[in-house]
There are 2 protein chains.
Amino acid sequence: MPTTMEHSLTVSDELLDRWSRLRRSERVAAFKDLPDEEKDNFFLALPSTSQARLLLALPQGERRLYLRLLAPDDAADLIQESPRARRDELLALMDDSTRTETNALLAYREDVAGGLMIPRFARLRPEASIEEAITYLRQQIPHVETIYYAYALDEEQRLLGVVSLKELVAASPEKTVRDVMRTQLYKVEENADQHLVEHLFSKHGIQAIPVVDAEGRMKGIITADDVAYAAREEATEDIQKVGGSEALDGPYLETGMLAMLRKRAGWLVILFLGEMLTATAMSHYEEEIERAVVLALFIPLLISSGGNSGSQATTLIIRAMALGELRIRDWWRVARREILAGVALGALLGTIGFLRIVIWQAVAHTYGPHYLLVGFTVAFSLLGVVTFGTLSGSMLPFILKKCGLDPASASAPFVATLVDVTGLVIYFSIAKLMLTGVLL
Amino acid sequence: MPTTMEHSLTVSDELLDRWSRLRRSERVAAFKDLPDEEKDNFFLALPSTSQARLLLALPQGERRLYLRLLAPDDAADLIQESPRARRDELLALMDDSTRTETNALLAYREDVAGGLMIPRFARLRPEASIEEAITYLRQQIPHVETIYYAYALDEEQRLLGVVSLKELVAASPEKTVRDVMRTQLYKVEENADQHLVEHLFSKHGIQAIPVVDAEGRMKGIITADDVAYAAREEATEDIQKVGGSEALDGPYLETGMLAMLRKRAGWLVILFLGEMLTATAMSHYEEEIERAVVLALFIPLLISSGGNSGSQATTLIIRAMALGELRIRDWWRVARREILAGVALGALLGTIGFLRIVIWQAVAHTYGPHYLLVGFTVAFSLLGVVTFGTLSGSMLPFILKKCGLDPASASAPFVATLVDVTGLVIYFSIAKLMLTGVLL
């Protein structure tokens, strides 16, 4: 989130938009063509990925210039978006204090509170008067992210309380910070999960939250816009994973062809290898198909119904988990609901499937003399496959989470593949049961 | 977003969490059991859906009490979450000024700027001195959402400029608001799409944006936390749609069984009806299957590979559209990329498929004397099916958007179903071409 309202006001949205549509090779030249007085603001308005690419393409002298425009959190984002081999070189270009702060931020994982925070926050002594506090805040304006929340710390940098600028402005000047500060406040530990942070913000409409270490010493703040940005990136990754791809690292059009293929081929190949089991399963039923080709006609219908119901269930659960609505301990409650839902939906599709076979038979005599038995086979198989699809689609995210993996990997295609093999087994088992001695 | 930091500070997260896990029928009693002094804050901390349900279950006298705690934007959210038949009754319980403001907000669609805004913003006369401005802002604190941004209006309520509290605090007291206010500022029209608003916020790290009508008169402000909340809801809807379900209206566990089934059954039935075309397509190839049962073995593998590659493509495009990275005019650029990606991925899967057939044959003699021809048939079909799946998955969101529909409806299961029928046609056409005179 490398921009602030003050900076971006002078950069037009159209300019940024036009730039983002340029080929990567044309961008450096386009940047150099900008009027000198616009370059700084334009650079600041770019997303970190683009900043990193642009910076690395500039001559060393200019590189230092633009890098030094960035606050430590933005500098850390830029470093993280740069190739590993170039990171030290970029760090060497920073001034000492920014480098120290940036290095401290780089020590955090990107998806924990420490990785989201900004170390430059407004601080106050608790014994300062309101008037002193406002004066002191005014002096801090150039050095901090926001002065709307100021934090009272003791000598060991331990967080004592928070006071908003609004409260300072509203208080009578002879009071002290300690008189007006709130001591009951939300704070997060530096290693708290990003999801927890998001959850606090969205549930309580907080504007900024302090980050503390295990000893209660304040390390930085996270602001609502940074967490919104992180949540947006997170949602993007989840949606991309749900679709059965690895998450892209940047915007679709800016992701190189090779990088994109790599992100997509991995899962496709894994799914393909899994799906090969269907060919193995099918070869077990070759004889049945040979004897009753009519059975083959409904294979795509059956397995895709299982896949579709599984996709529905898995995405509903994945999102509810990401929003903090569901935890691992809720699995049994979800399982009960989803079995019920699966049976209901399976019965519905089964009925429609049965009617379709009966009606087609009446009209076109497609399915032979035993069409009723075929109809029941398909109907019961649908019931079984949809119930199984729904249940496994809903449980897979829990299993992944329990194993410490990302529940969003239980993508729609993953569940569909899982259900395909089982769907075939269910179908042919029911067929054997219903049709042996008649068609088989 | 019915909470503010000040309110929620006294409501513990665990309390809210415990409450959200209660059955709906137990919630009213649990609310009544709360100590009286906690009830207000607890009510304010609940999401709008829960507020509405709780309120409607309370006796009329209490209902009025709690309803009057809400600011107009939160009241409007609550009304929107209530059954239509009860809305007038709830509106009648409000005090006159809140009712007027709430009605004005209810006139906006939920997904436009007007539906996100809060009408209570801080205003200043441009000719006021800095000192007067700060005093005046202090008086407005109880009546406005934020005093961190104050808006200078002329007599016709037209927006002239904005000044932040930070800037006021930093300015010398003898200046006027006009001297320090910024006149170049982002603003949105009341009917602007929510996506545009989100885009402005996330791209420029804005904290609050003014909403104006067609004549430039200021109607309200949208704050970062409200837009973050809206973006989160939007991402949830998109993920649920991508999974092939209608978006749920509330949290998974709080959605009633019947409501959830209705949301899920609709798409499932539509997809099922579409998928029935596979049975029709298959019946055209009944003879081929009868003559060469080996062909049937690869049907699930083929159609699911098409579905998986289509799911990947469609979700990547849907998300890029939601983030404003792609517009309709980019369709051709995307099509070229995706054809390339489809051919590359299809060739990869085709090669793996071919190898699998050759290796299985060497080991288990599964596929008969013409296994090489069968292998080529499967490989070329995979190339065709994956390319077609990728292309149609990527183009479908563009087509839906062009028709004024939601691109997120191009869900993974929708694309998979679309590709299934075509996949069968591709497979059997290639089989006829390669195997006629040999196996067929």
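Residues numbered from 1 in each chain as written. Chains lettered and ligands numbered in written order. Predicted model: local features only at pLDDT ≥ 70, side-chain atom pairs only at ≥ 80, totals over all residues. Heavy atoms only, no water.

Engineer: If you had to explain the overall build of chain A to someone new, which residues and values would you point to?
Structural biologist: Helices and strands together make up the secondary structure of chain A, namely 22 helices and six strands. Relative to a compact globule of 440 residues, whose C-alpha radius of gyration would be 22 Å, chain A shows 30 Å and is clearly more extended. In the structure as shown, chain A presents an accessible area of about 17,600 Å², 57% of it carried by carbon and sulfur atoms. Across chain A, the mean location of the 45 positive side-chain charges is 3 Å away from that of the 57 negative side-chain charges. (Helix = DSSP H or I, 4+ residues; strand = E, 2+ residues; numbered from the N terminus. Rg over C-alpha atoms; globule rule 2.2 N^0.38 Å. Areas by Shrake-Rupley, 256 points an atom, 1.4 Å probe, with all protein chains shown as cover. Lys, Arg positive; Asp, Glu negative; His and termini not counted. Charge placed at Lys NZ, Arg CZ, Asp CG, Glu CD.)

Engineer: Can you explain a negative patch on the surface? Please cite residues and give values.
Structural biologist: A contiguous patch of negative charge, built from A:Glu81, A:Glu110, A:Glu233 and A:Glu237, is present on the exposed surface. Mapped onto the elements, A:Glu81 comes out in helix 7 (residues 72-81). (Patch = residues over 30% accessible without salt bridge, like charges linked within 9 Å, V, L, I, M, F, W, Y side chains within 5 Å. Salt bridge = Lys/Arg side-chain N within 4 Å of Asp/Glu carboxyl O.)

Engineer: Summarise the environment of B:Asp238; cite the residues concerned and give the values.
Structural biologist: Turning to its location among the elements, B:Asp238 is positioned in helix 15 (residues 224-242). According to the relative accessible area criterion, B:Asp238 is buried, its value standing at 6%. When the C-alpha positions of B:Asp238 and B:Asp96 are compared, they lie 38 Å apart, and in sequence the two are 142 residues distant. The contacts of B:Asp238, once residues within four sequence positions are left out, are A:Ile239, B:Ala322 and B:Ala408. (Buried < 20%, exposed > 50% of the residue type's maximum accessible area, 1.4 Å probe, protein only. Contact = heavy atoms within 4.5 Å.)

Engineer: Before we move on, can you summarise the side chain of B:Thr102 with the specific residues and values?
Structural biologist: All names here are of chain B. Structurally, the position occupied by Thr-102 is in helix 9 (residues 96-106). Thr-102 sits in the buried class, given a relative accessible area of 0%. A polar contact is formed between the side chain of Thr-102 and the backbone oxygen of Thr-98, at a distance of 2.6 Å. Those residues in contact with Thr-102 that sit more than four places away from it in its chain are Pro-72, Ala-75, Ala-76, Ile-79, Leu-91 and Met-94. (Polar contact = N/O pair within 3.5 Å; in protein donor to acceptor, adjacent residues only side chain to side chain.)

Engineer: Could you give an account of helix 7 of chain A, with specific residues and numbers?
Structural biologist: With seven of its 10 residues buried, helix 7 of chain A lies for the most part within the structure. Looking only at helix 7 of chain A, the buried set comprises A:Pro72, A:Asp73, A:Asp74, A:Ala75, A:Ala76, A:Leu78 and A:Ile79.

Engineer: Before we move on, could you go through the packing of aromatic side chains and cite the residues and values that matter?
Structural biologist: Summed over all chains, the structure comprises 25 aromatic pairs over all chains. Plain terms: the ring middles of A:Tyr148 and B:Tyr148 are 3.9 Å apart, the flat faces sit at 5° to each other, and that makes the pair stacked. On the criterion of chain membership, the pair formed by A:Tyr148 in the loop between helix 11 (130-140) and strand 2 (149-153) and B:Tyr148 in the loop between helix 11 (130-140) and strand 2 (149-153) is interchain, its members lying in two chains. Judged by its relative accessible area of 9%, B:Tyr148 falls in the buried class. Arranged with centres 6.1 Å apart and planes meeting at 85°, the rings of B:Phe121 and B:Tyr151 form a pair that is edge-to-face. Taken together, the positions of B:Phe121 in the loop between helix 10 (113-116) and strand 1 (122-124) and B:Tyr151 in strand 2 put the pair 30 residues apart, joining distant regions of the chain. Each member of the pair B:Phe121 and B:Tyr151 is classed as buried. Among the aromatic residues, those joined into a cluster by ring pairs are A:Phe31, A:Phe42, A:Phe43 and A:Tyr66. It is B:Lys39 that lies over the ring of B:Phe31; its NZ or CZ is 6.0 Å from the centre. (Phe/Tyr/Trp six-rings, centres within 6.5 Å; stacked < 30°, edge-to-face > 60°. Lys NZ or Arg CZ within 6 Å of the ring centre and 35° of its normal.)

Engineer: Would you mind going over the nonpolar core in detail, with residue names and values included?
Structural biologist: Ranked by size, the top nonpolar core spans 126 residues in total, and within it A:Tyr252, A:Phe298, B:Tyr252 and B:Phe298 carry the most contacts. Those residues in contact with B:Phe298 that lie beyond four places of it in its chain are A:Ala279, B:Ile357, B:Tyr367, B:Val374, B:Val378 and B:Tyr427. (Core = buried A, V, L, I, M, F, W, Y, C linked by side-chain atoms within 4.5 Å.)

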